[in-house]
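# Notes for the structure review
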Amino acid sequence: MLSSEGFILGLSTGVVCLAYCGPVLIPYILAESTRVKRNYLSLVLFLGGRLIAYLTTGLIAGLIGMTFFQKSALFTRALAIVYILLALLMIIYGFHRFREICLGSAGKNVKIHFGPDLTAWVPFLGGVLTGFNLCPPFMMAFTKAFATGNISGSLMLFFWFFLGTSVYFIPLPLIGFVRRQKVLQIIGKFASILAGFYYFYLGLIMLVHK
Amino acid sequence: MKTPSAYSTTGKIGKSVLFLLPMLLITFVFITGGQPDFSGTGQVIGFIITYVFFNYLFFRMLYTGKTDRYRAAGFIVLALFFAFVFIVNLVRARGNMSFSDENILACEIPFCHIVITMIIIPAALTQTIIFPGSILEGFAAISLMIVIWLGISLALGRGFCSWGCFYGGWDDGTSRILKKPVIRKFNPVFRWAAFAVLILVALWAALTLTPQYCNWLCPFKTVTEFEKVTSVETLLKTIVFVSLFAALVIILPLLTKKRIQCATFCPMGALCSLTNKINVFDVKIDKEKCNSCLKCVTICPTLSLNKEEVARGKPSMTCCKCGKCIDSCSRQAIHYHLKGTPSDKKLTTARMLFLYPAFTLLVIFTGGTMQYGITLLIRLFTTGSLF
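The model shown is predicted, which means the values in this text are computed figures rather than measured ones.

Turning our attention to the interface of chain A and chain B. In this complex, chain A contributes 20 residues to the contact, which on the side of chain B involves 20 residues. Connecting chain A to chain B are 1 residue pair in polar contact (both at pLDDT 80 or more). Every element with two or more residues in the side of chain A that touches chain B is listed here: α1 (2-32), α5 (98-103) and α9 (181-209) of chain A. With 9 residues, the top contributor of residues to the side of chain A that touches chain B is α9(A). Residue composition of the side of chain A that touches chain B, grouped by class: 18 nonpolar, 1 polar and 1 charged.

Structure (structure tokens):
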């Protein structure tokens, strides 16, 4: 019962999830776009991160009362910090290898290095951070999970909710079939930087408004 | 040695006048809207100036074989008169340039073509138009703008950005003020930034069901209408769009001699670039005539050419068919081309087939506005009032 409820809720609201997670995942897939297989690996990492975030939320929903959860200023501040971390992740990722991918030899004066190449972890971290996104489907799932009144039920609902929403992400890696990979990579880098600024603004507004 | 002109009308008055004849009728119809209004001296003078202006431009295009400089004159006039007439109408209707929550609730916000990039996904997902404008009524009705844009995209592709957009003339104008660029190198890779903006504003609109580019980023609100400043947020928005106007429409185009807003930031420009793939006209470079001087690369205002693309014989999909590269080529190696036809033959035919619809588009968007704007200016000088 809980499984079908969670899955159907995920299916019916998953497009909105895609709109929320798209600004994070799509720039990455565009920028790293080389092969469809590699893109699916990135998607798995991203969804893995999201699953962890969802299960954590399911656990919290089962443990504590929703009224407390919603009214907590600490929680709002924590979310704001999550947004800012996500923004930093995207901006750093956007500038990482920017010269090599976007500017080529013309960008010889631009020197931006961020240490070892950890880009493979970007979709995973992005998945975790967007998993905590307070989008309408997430809030609906949270309300239902809270209503189950127990930890296992809440976890189960979030797990199936995750599966329902994930269906909409399946076609994204097919971008790898597009021929002009280099152009997609450049667009992805630009999109990542711009999306980073957007999330930074969101986080800042949440911190200011508390 | 200068290569002789590639077009059969160049330098020939008789042939140029012959090709001008259809345009004399087209301009009359579109400037008057099919219903000539000669009720006052202002209207008559406005019509005569507009009519002579456009037909002179078209004649010069035919006679000199040059396209861009005459197109730009009409295009810049379009941007200036559009802003002037729009602001006058707003002030007349509302008393100022800002709109309020009441105007939003009453769906009284005029719809511009850039919003199309943001309404597609929400319309597909929710069957809702997320813009507070009228669907069917008025001069800027949503359905009308979508139909016009679709028609133009099929006919001219991104040619819309150089022949019909009533904002493009701003940075096209500022990019022509200085004789030489202060910033000489501007990496063409930044043309792809507009696609990133397109992706993000489309997703952002789907996420919030609000046209956020209009809400936060559109530089042209500075010269049209904007939200009334009633809070810190609206103040912040005002600072953002005025700064973007100053940077992308005035300062950077001035320094680089490129249309920076159109080339790197406009989501509509990016969407129109995609339609370049499906319309019948493109620009070709004759590789046999080309001596790889790369003047076209330096001069292209939308960063649509680089060395590789010159070697390939055609500009990138972001080309807005302004004709600047065609005019600048001393070897006549670049020309308008009708897809599916031999690229080195019938150059006059291909050019004329492109020029007629493109110039007609310019007249459709500019004619009535310019005539009305002149009428307003005459009223201002004679009575001291615009109203």
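On average, chain B scores 88 in pLDDT, and the residues at 70 or more come to 95%. This prediction of the complex comes with two scores: 0.83 for pTM and 0.81 for ipTM.

This part is about unusual backbone geometry. The phi angle of most residues is negative, glycine excepted, and most peptide bonds adopt the trans form. All names here are of chain B. Of note, Lys-257 is a non-glycine position whose phi angle comes to about 60°, a positive value. The topology assignment puts Lys-257 in the loop between α11 (232-256) and α12 (260-265). A relative accessible area of 18% places Lys-257 in the buried class.

Okay, the packing of aromatic side chains next. Counted according to the given criterion, the structure contains 38 aromatic pairs over all chains. With centroids separated by 4.2 Å and ring planes inclined at 25°, the aromatic side chains of B:Tyr336 and B:Phe354 adopt a geometry described as stacked. Here B:Tyr336, found in strand β4 (residues 334-338), pairs with B:Phe354, found in helix α17 (residues 347-383); they are 18 residues apart in sequence, far enough to count as distant. Note on B:Tyr336: relative accessible area 1%, which makes it buried. On the basis of relative accessible area, B:Phe354 is assigned to the buried category, the value being 0%. Among the aromatic residues, ring-to-ring pairing joins B:Phe82, B:Phe86, B:Phe160, B:Phe166, B:Tyr167, B:Trp170, B:Phe220, B:Phe245 and B:Phe365 into one connected group. Its end group placed over the ring of A:Tyr93, A:Lys189 keeps NZ or CZ at 4.0 Å from the ring centre.

Conventions adopted
Residues numbered from 1 in each chain as written. Chains lettered and ligands numbered in written order. Predicted model: local features only at pLDDT ≥ 70, side-chain atom pairs only at ≥ 80, totals over all residues. Heavy atoms only, no water. Contact = heavy atoms within 4.5 Å. Polar contact = N/O pair within 3.5 Å; in protein donor to acceptor, adjacent residues only side chain to side chain. Helix = DSSP H or I, 4+ residues; strand = E, 2+ residues; numbered from the N terminus. Nonpolar A, V, L, I, M, F, W, Y, C, P; charged D, E, K, R; others polar. pLDDT = per-residue confidence, 0-100. Buried < 20%, exposed > 50% of the residue type's maximum accessible area, 1.4 Å probe, protein only. Phe/Tyr/Trp six-rings, centres within 6.5 Å; stacked < 30°, edge-to-face > 60°. Lys NZ or Arg CZ within 6 Å of the ring centre and 35° of its normal.

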